[in-house]
Amino acid sequence: LGQQGFVVRRPFNVLTDDEVKRIHFGALDVLSRTGMVFHHKRALELLADAHCSVDIARELVKFPPYLVEESLRKCPKRVLLKGTRPEYDVTVGDPYVHFASCIGMDMLDIDTLDRRTPTLQDTINMVRVLDRLETVHLNSGPFSHIQGVPDSLIYPTRYGLSLKYTSKPSITAGIGGTELSTIELARVVGQNPAAHVQCSPPLTLSSDKIECLFNFAEAGHPILPGSGLAMGMTSPVTIAGALVQQLAEILSVIVL
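What you see is a predicted model, and the numbers here were worked out from it, not measured in a lab. (Residues numbered from 1 in each chain as written. Predicted model: local features only at pLDDT ≥ 70, side-chain atom pairs only at ≥ 80, totals over all residues. Heavy atoms only, no water.)

Trainee: Would you take a moment to explain the pattern of salt bridges for this structure?
Mentor: Note that side chains of opposite charge can pair when their charged atoms are close. In this structure the tally under the stated criterion is 8 salt bridges. When the shortest N-O distance is used, the salt bridge between Asp-106 and Arg-115 registers 3.2 Å. Residue Arg-115 is classed as exposed on the basis of its relative accessible area, which comes to 61%. Of the charged contacts in the structure, one is a salt bridge between Glu-184 and Arg-187, with a shortest N-O distance of 2.7 Å. Of this pair, Glu-184 and Arg-187 both sit in helix H6 (residues 179–189), 3 residues apart, which is roughly one turn of that helix. With relative accessibility at 38%, the residue Glu-184 sits in the partly exposed group. The exposed category is assigned to Arg-187, whose relative accessible area is 57%. (Salt bridge = Lys/Arg side-chain N within 4 Å of Asp/Glu carboxyl O. Buried < 20%, exposed > 50% of the residue type's maximum accessible area, 1.4 Å probe, protein only. Helix = DSSP H or I, 4+ residues; strand = E, 2+ residues; numbered from the N terminus.)

Encoded structure:
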């Protein structure tokens, strides 16, 4: 156990080096030939200025491979995510591996097996449990919905509860400008939660998510790009094909 994480001395490689390269070059091919849809005027303008091929009417961006590679080289090798107490800080990057909680949808009554939307107290209880789990280093969630909390306020509400009931760093997001409240909360307590920017497969990034990316990035927060594809529905059904698409979507966020 290292600094709030596990040290991996001998990684288990599922893919060969050649397979990794084929997936990488496949993603570059998708970005340069098929492209990504960006529903955001400022994003389109920025990418056009960076020598991408931009079709304004279709909101379609095609990326030159050299730009993707250059953007990857600019990514930091390690990122510090701050907890509300220094002993809970997390350094993301080689050789550490960290575990984060994942967002759940409903509560399940273990006596009746009935499902229901979590209450505020359910959420507090779950954050407290996550705080006590030594092998969970980052808080992301724990629920996508909370009774009595409108969807527009779910992200800052979850982050506020995280600040109150756990000292661990957080992964958060935003919608409709609510990330500005989260950014202000983080500034007051000296945290820098990672901002999860989720694409809308296949090969699309919504205006809300792009605005969220801009706001968090300009405030100095690390960006955690995500895909969220469903194999066989919003991506190819094969593992290799899904990996190519997922990587292309994540790379497009990195470039932006």
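There is more to say after this.
Trainee: Quick question: what am I supposed to make of the sheet that holds strand S11 (residues 194–198) here?
Mentor: Two modes of strand pairing occur in sheets, parallel and antiparallel, and in both the strands are linked by backbone hydrogen bonds. Taking strand neighbours across the sheet as the criterion, the 3 strands line up as S10-S11-S13 in an open arrangement whose pairing is parallel. Across the chains shown, the open sheet's two edge strands, defined by having one partner strand only, are strand S10 (171–172) and strand S13 (223–226). With 2 bridges joining them, S10 and S11 adopt parallel strand pairing. From the neighbouring strand, Ile-171 faces S11, where its bridge partner is Ala-194. (Pairing = 2+ DSSP bridges.)

Trainee: What should I look at first to understand the pairing of S11 in this one?
Mentor: Regular strands show a simple pattern: their side chains alternate between the two faces of the sheet. Handedness of the crossover joining S10 and S11 through H6 is recorded here as right-handed. Two strands pair when backbone bridges link them, and S11 and S13 are joined in this way by 4 bridges, in the parallel orientation. In the strand pairing of S13, Val-197 is matched with Pro-225. (Right-handed = clockwise from strand over helix to strand, strands pointing away.)

Remember, this is a structural readout, not a statement about activity or role.
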